[in-house]
Amino acid sequence: MEALLQQFQQQQGGAPGTDAPLPDTAEQISIGSLPLLKMLKHGRAGVPMEVMGLMLGQFVDEYTVRVEDVFAMPQSGTGVSVEAVDYVFQQKMLEMLRQTGRTETVVGWYHSHPGFGCWLSGVDMNTQQSFEKLDPRAVAVVVDPIQSVKGKVVIDAFRLIPQQAMLMATESRQTTSNIGHLKKPTIEALMHGCNRHYYSMVINYRKNELEERMLLNLHKKDWTHSLRLQAFDAHAQDNEQTVKQMLDLVDNYAKRIQEEAKAPTAEKVEKLAIQNVGKLDPRKHLDNAVQEVMESNISQSLTMMLSTVVF
């Protein structure tokens, strides 16, 4: 009887029953630092073409999708669309990953939009529909390697709205949480059917201790960096600019000392210190400039002597 009532309410365009299984706006996708780096690197390598791949992970609970790893797929891509062309490769890749101890399942797919934002095109929605036939909770992640800069990654996750909800023009998700409304969709996504054909999901990032150490060493200079001989013209120009900067710092430091000498009482000295809060400290910058000049010149001289002896 309850099923008949629910069906009647849905046909009338009303809200579904309380026991109807609907996705919740609290559902999030958690992406690790390693799969995020692999997606960005894959997308950057494919510019100006679109690239795609599969996401491996697990469905932790009804509210969390965790992405543990990704791998690229053979594809037929252009500047505005991408499609997989070898589904046998996917099965073989999953079998080889299981042999290495990776037992994660496919939780969705990712592809790149180089330079034109994160949204789903008609081809992308057809691809996502095929993934959702295998698993209704499959996620489509879109990353823009062109607009992604240091400290900011342009990425978004989407899932299709069921066709029944599209026909009835009703919200396909429950509104029992505010988490799903924390991230507003972009204007490009709204123009290309977001909240009409698909909806956006909240993305969280995580990293463990090993991944944090890996990220800290990503742009770390190795020991051979100090043995590289710098061009003499560039080295002389850097020295000249640093010396000019040091002269300006010396003048500012001398003015600061004269102002402190003219303040005989401790109260005036404290007022001067308060006035200088947030301003450039010439003494600290002068120490740093001297240290940099000495290090660069000593390293340049030693490297030149070693190059002379060795070569």
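Everything that follows concerns the structure shown earlier in this document.
Now for a look at the structure at hand. (Residues numbered from 1 in each chain as written. Predicted model: local features only at pLDDT ≥ 70, side-chain atom pairs only at ≥ 80, totals over all residues. Heavy atoms only, no water.)

On to the nonpolar core. One finds Phe71, Leu120 and Tyr198 to be the most contacted residues of the largest nonpolar core, which totals 24 residues. For this core, the secondary-structure elements that each account for two or more residues are β2 (52-61), β5 (82-84), α3 (87-99), α4 (122-134), β7 (139-143) and β8 (155-160). Top contributing element to this core by residue count: β2, with three residues. Ile29, Val65, Val107 and Ala157 belong to the second largest nonpolar core, which has 20 residues in total. (Core = buried A, V, L, I, M, F, W, Y, C linked by side-chain atoms within 4.5 Å. Buried < 20%, exposed > 50% of the residue type's maximum accessible area, 1.4 Å probe, protein only. Helix = DSSP H or I, 4+ residues; strand = E, 2+ residues; numbered from the N terminus.)

Now for helix α8 (residues 232-262). Under the 1.5 Å per step criterion, the end-to-end length of α8 is 45 Å for 31 residues, consistent within 8% with the ideal 45 Å. Tucked inside the fold, the buried residues of α8 contact α10 (282-310). (Expected span 1.5 Å × (residues − 1). Contact = heavy atoms within 4.5 Å.)

Another point: the packing of aromatic side chains. A complete count under the given rule lists four aromatic pairs for this structure. Taken together, a centroid distance of 5.9 Å and an interplanar angle of 5° make the contact between tryptophan 109 and phenylalanine 131 stacked. In this pair, tryptophan 109 sits in strand β6 (residues 105-112) while phenylalanine 131 sits in helix α4, placing the two residues 22 residues apart along the sequence. As far as burial versus exposure is concerned, tryptophan 109 and phenylalanine 131 are alike and both buried. (Phe/Tyr/Trp six-rings, centres within 6.5 Å; stacked < 30°, edge-to-face > 60°.)

A cis geometry characterises the amide bond from valine 47 onward to proline 48, with omega recorded as 10°. Note on placement: proline 48 falls in the loop between α2 (33-45) and β2. Phi is positive for asparagine 195, which is not a glycine, with a value near 70°. Along the chain, asparagine 195 falls in the loop between α6 (187-191) and β9 (198-206). The exposure class of asparagine 195 is partly exposed, given its relative accessible area of 43%.

Before going further, it helps to examine the sheet that holds β2. Taken together, the seven strands give a closed barrel; going around it, the order is β1-β3-β2-β6-β7-β8-β9, and neighbouring strands pair in mixed fashion. Taking the axes of each pair of neighbouring strands and ignoring which way they run, one obtains an average angle of 35° across the sheet. (Pairing = 2+ DSSP bridges. Axes fitted to C-alpha atoms, helices over the stretch in contact; angles between N-to-C directions.)

Quick look at the pattern of salt bridges now. The full count for this structure, using the stated rule, is seven salt bridges. A salt bridge links glutamate 27 to arginine 159; its shortest N-O distance comes to 2.8 Å. Of this pair, glutamate 27 sits in the loop between α1 (2-11) and β1 (28-32) while arginine 159 sits in strand β8, placing them 132 residues apart in sequence. Each member of the pair, glutamate 27 as well as arginine 159, is classed as buried. Among the charged side chains, a network of salt bridges with common partners joins Lys38, Asp69, Arg102 and Glu104. (Salt bridge = Lys/Arg side-chain N within 4 Å of Asp/Glu carboxyl O.)

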